[in-house]
Amino acid sequence: MHPDQTLPDTRSIAAGWTLHEYPLVDSTNDTARDLPAWQAVRADVQRTGRGRHDRSWVSDKGGLWLSAVVPVGTSEQGWQALPLAAGCAVCEALASLGLPDLRLRWPNDVMVRDRKVAGLLVDQFHPDRAVVGIGVNVTNHPEASDATLRSSATTLSEWLTTTPALQEVATRILERLRRVAGIMHQDGFAAVVPAVNDWWRPGVSMEIETENGCRRGVFNGIDAKGRLRLLHPDGAIFEWAAHQVFRARELNLSNS
Ligand code: BTN
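Predicted model, so just to flag it, every value in this text is computed and none were measured.

A.B. asks: I'm lost on the overall build of the protein chain in this one. Help?
C.D. replies: When you go through the protein chain residue by residue, the secondary structure sums to 6 helices and 13 strands. Its C-alpha atoms give the protein chain a radius of gyration of 18 Å, near enough to 18 Å, the size a compact globule of 256 residues would have. By principal-axis analysis of the C-alpha atoms, the protein chain measures approximately 60 × 40 × 30 Å. Counting every position in the protein chain, which comprises 256 residues, the buried fraction comes to 50%.

Next up, the structure:
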């Protein structure tokens, strides 16, 4: 732990979660690294917030920087499915707060129209549980740290007349995450696939970079194994597991 990290404020919240709150950490995912399942970390500010593809994640005051420890079986499929199911849980939680025009951008960027409001980074530090890192822009100003985010990022406060408290957003997300994880545990990932598929923008064209080169097609949701389905111009559908896709972008849209 960094020397200026104080002891957390710890309390039990809804749906059986224990939440540890810090004013400042390096990354909440790293702080949550060795916690048991169903515990979570929230920080007001992250010094070195991490995004996917080794990017940094702007984590200024006013945003929700949250990491939740979720048990995962040893199957590879559980690990492939969790990031998708967690994205769905975040969409459900933000929709319950009244956020309009929400959707997922593969694999788990949470968008309001074409601007990103939340991102997820799932880390595997232990074989039996995942750290699901969730960053939600709430009243913070990501564009103040990175001007390129002006057109590609958005915040809850831009869309809601009354912006909810960070604790309220965290509680709703953790509730949904626990519910979705419970369904997966009991009935398998296939049971949550329809709910995940409801959050994609229909008919969006994509270009993906794979080990076999670039592929273009129309995004066709995910299959029961969590693989991306791409409809090629000749009508054939190809499935790609997340680890086979190095990069993905929507075509004719702004990308972040
Ligand atoms: C992405 O879209 O690139 C993923 C962003 C994930 C950011 C969150 S903020 C809480 C947790 N701690 C981190 O360092 N990263 C995740």
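Let us keep going from here.
A.B. asks: Would you take a moment to explain the side chain of E207 for this structure?
C.D. replies: By the element assignment, E207 lies in strand 9 (residues 205-210). For E207, a relative accessible area of 17% corresponds to the buried category. If we ignore the near neighbours within four places in the chain, the residues touching E207 are C214, R215, R216, R247, A248, R249 and L251.

A.B. asks: In this structure, what is going on with the state of the cysteines? I would like to understand it.
C.D. replies: The bond known as a disulfide is covalent and runs between the sulfur atoms of two cysteines. Under the counting rule described, the total for this entry stands at 0 disulfides. Just so you know, C88 is unpaired, no disulfide at all, and the nearest cysteine sulfur is the one on C91, 6.8 Å from it.

A.B. asks: Help me understand the environment of H126, please; the structure alone is not making it clear to me.
C.D. replies: Topologically, H126 is positioned in strand 7 (residues 115-126). Along the primary structure H126 and V72 are separated by 54 residues, whereas in three dimensions their C-alpha atoms are 9.7 Å apart. Apart from the residues lying within four places of it in its own chain, the contact partners of H126 are R33, D34 and W79. Polar side-chain contacts of H126 include one of 3.3 Å to the backbone oxygen of R33.

A.B. asks: I keep staring at helix 2 (residues 76-96) and nothing clicks. Help me out?
C.D. replies: In this model, helix 2 (21 residues) spans 31 Å end to end at C-alpha, consistent with the 30 Å of a helix rising 1.5 Å per residue. Along helix 2, the sharpest kink reaches roughly 30°, centred on L82 and followed within four residues by the proline P83. Here helix 2 lies mainly inside the structure; 17 of its 21 residues are buried. Looking at the residues trailing helix 2, positive phi occurs at G98, about 95°.

A.B. asks: It is not clear to me how the sheet that holds strand 3 (residues 39-46) should be interpreted in this structure. Could you clarify?
C.D. replies: Think of a sheet as strands paired side by side through backbone hydrogen bonds, with each pair either parallel or antiparallel. Reading across the sheet, the 8 strands line up as 1-2-3-4-8-7-6-5 and stay open at both edges, with mixed pairing between neighbours. A single partner strand is all that each edge strand has here, and the edge strands are strand 1 (9-12) and strand 5 (102-105). Between one strand axis and the next, the sheet turns through 20° on average, direction left out of account. As paired strands, strand 5 and strand 6 (residues 109-112) are joined by 4 bridges and run antiparallel to one another. What sits directly across from L102, in strand 6, is V112. Contacts between helix 2 and the sheet are confined to strand 4 (64-71), strand 5, strand 6, strand 7 and strand 8 (129-136), with strand 7 contributing the most and set at about 140° to the helix. The strands touched by helix 5 (residues 166-187) are strand 1, strand 2 (18-25), strand 3, strand 4 and strand 8; relative to strand 4, the strand with the most contacts, the crossing angle is about 20°.

A.B. asks: Quick question: what am I supposed to make of the pattern of salt bridges here?
C.D. replies: Pairing is possible between side chains that carry opposite charge, provided their charged atoms lie close to one another. Enumeration over the complete set of coordinates arrives at 22 salt bridges. Put simply, E21 and R42 hold a salt bridge, and the shortest N to O gap is 2.6 Å. Here R42 lies in strand 3 and E21 lies in strand 2, a separation of 21 residues in the sequence. Taken individually, E21 and R42 each receive the classification buried, so the pair is uniform in this respect. Taking the shortest distance from any N to any O, the salt bridge between D30 and R50 comes out at 2.8 Å. Note that D30 is positioned in helix 1 (residues 28-31) and R50 in the loop between strand 3 and strand 4, a separation of 20 residues in sequence. On the basis of relative accessible area, D30 is assigned to the partly exposed category, the value being 33%. Of the residues examined, R50 reaches a relative accessible area of 32% and is grouped as partly exposed. Taken together, the shared-partner salt bridges connect R11, E21, R42, D44 and K61 into one network.

Thresholds, definitions, all that
Each chain carries its own residue numbering, running from 1 in the written order of its sequence. Side-chain atom pairs in this predicted model are given and counted only at pLDDT of 80 or more, local residue features only at pLDDT of at least 70, and totals for whole chains, interfaces and linings cover all residues. For the side-chain quantities, the full set of heavy atoms in the structure was used; hydrogens and water were omitted. The way it works is that DSSP assigns letters per residue, a run of H or I at least four long becomes a helix, a run of E at least two long becomes a strand, and they are numbered from the N terminus. To get the radius of gyration, use the C-alpha atoms; to get the globule rule, take the number of residues to the power 0.38 and multiply by 2.2 Å. A simple rule labels every residue: compare its accessible area, found with a 1.4 Å probe on the protein chains alone, to the largest value its type can have, and call it buried under 20%, exposed over 50%, or partly exposed in between. In this description, contact between two residues means that some pair of their heavy atoms is separated by no more than 4.5 Å. Two cysteine sulfur atoms form a disulfide, by the criterion used here, when they sit within 2.5 Å. Any pair of N or O atoms that falls within 3.5 Å is considered a polar contact. Within protein, one atom must be able to donate a hydrogen and the other to accept it, and sequence-neighbouring residues count only if both atoms are side-chain atoms. Here, expected helix span is obtained from the residue count minus one, scaled by 1.5 Å. Throughout, bend refers to the angle between the axes fitted to the seven residues that end at a position and the seven residues that start at it. Whether two strands pair comes down to DSSP finding at least two bridges between them. Inter-axis angles, ranging from 0 to 180 degrees, are taken between N-to-C directions of lines fitted to C-alpha atoms, where helices are fitted over the stretch in contact. Should a side-chain nitrogen of Lys or Arg be within 4 Å of a carboxyl oxygen of Asp or Glu, the pair is scored as a salt bridge.

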